[in-house]
Amino acid sequence: MATTHKPVRVGIRGAAGLLGSRLLAAIHRTADLRVTVGICRNDPTLERLMNRRAFGGPLARQALPERIYVEEPNEVIAKLNARPDAPQFLPARELDLAASCDVVIDAATTMT
């Protein structure tokens, strides 16, 4: 009797940053992991992620999380969603990590 293998669902906080974006690309190339959630802030790293998506070709467009949550107020999220060719950004407060991920990697840098 064959069993079906489900990929491990991964969430990455700081998905647009230097480490997070590299993790995204590496996980995208595997069969046993899937990035279901990316958590970002509206900062230069998110802008770079959007530019890679727009100009990086099919691989860059595919190597995005299934859902992208942003740790920003609704007004900022609405502006991000209004951009042409933008993926849908969701408010981080609506994220249920337990339902969306099996494991979460915190690749974000906290600036104080």
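See the structure printed just above.
So, a few notes on the structure that sits alongside this text. Counting from 1, residues in each chain are numbered in the order their sequence is written. Two thresholds apply to this predicted model, a pLDDT of at least 70 for residue-level local features and 80 or more for giving and counting side-chain atom pairs, whereas whole-chain, interface and lining totals are computed over all residues. Hydrogens and waters are ignored; side-chain quantities use all the structure's heavy atoms.

In this description a helix means any DSSP run of H or I spanning at least four residues, a strand means any run of E spanning at least two, and both kinds are numbered starting from the N terminus. Assignment of secondary structure puts Arg34 in strand 2 (residues 33-40). Exposure remark for Arg34: the relative accessible area of 33% places this residue in the partly exposed category. Once the C-alpha coordinates of Arg34 and Leu24 are considered, the two residues, ten residues apart in sequence, prove to be 9.0 Å apart. Leaving out residues up to four positions away in the same chain, Arg34 has contacts with Pro7, Val8, Arg9, Val10, Ile27 and Glu66. Pairing of N or O atoms within 3.5 Å defines a polar contact, subject to two protein rules: one partner must be a possible hydrogen donor and the other a possible acceptor, and residues neighboring in sequence count only if both atoms are side-chain atoms. A polar contact is formed between the side chain of Arg34 and the side chain of Glu66, at a distance of 2.4 Å. Only protein chains enter the area calculation, which uses a 1.4 Å probe; residues under 20% of their type maximum are buried, those over 50% are exposed, and those in between are partly exposed. Contacts are residue-level and defined by heavy atoms, with any inter-residue pair within 4.5 Å sufficient.

What makes a salt bridge here is a side-chain nitrogen of Lys or Arg within 4 Å of a carboxyl oxygen of Asp or Glu, nothing more. Under the counting rule described, the total for this entry stands at six salt bridges. Residue Glu72 is joined to Arg41 by a salt bridge in which the shortest nitrogen-to-oxygen separation is 3.8 Å. Of the two residues, Glu72 is situated in the loop between strand 3 (67-70) and helix 4 (74-81) and Arg41 in the loop between strand 2 and helix 2 (44-55); the sequence distance between them amounts to 31 residues. Overall, the relative accessible area of 46% leaves Arg41 in the partly exposed class. Salt bridges here are not isolated pairs; linked through shared partners, they connect Arg13, Glu71 and Asp106.

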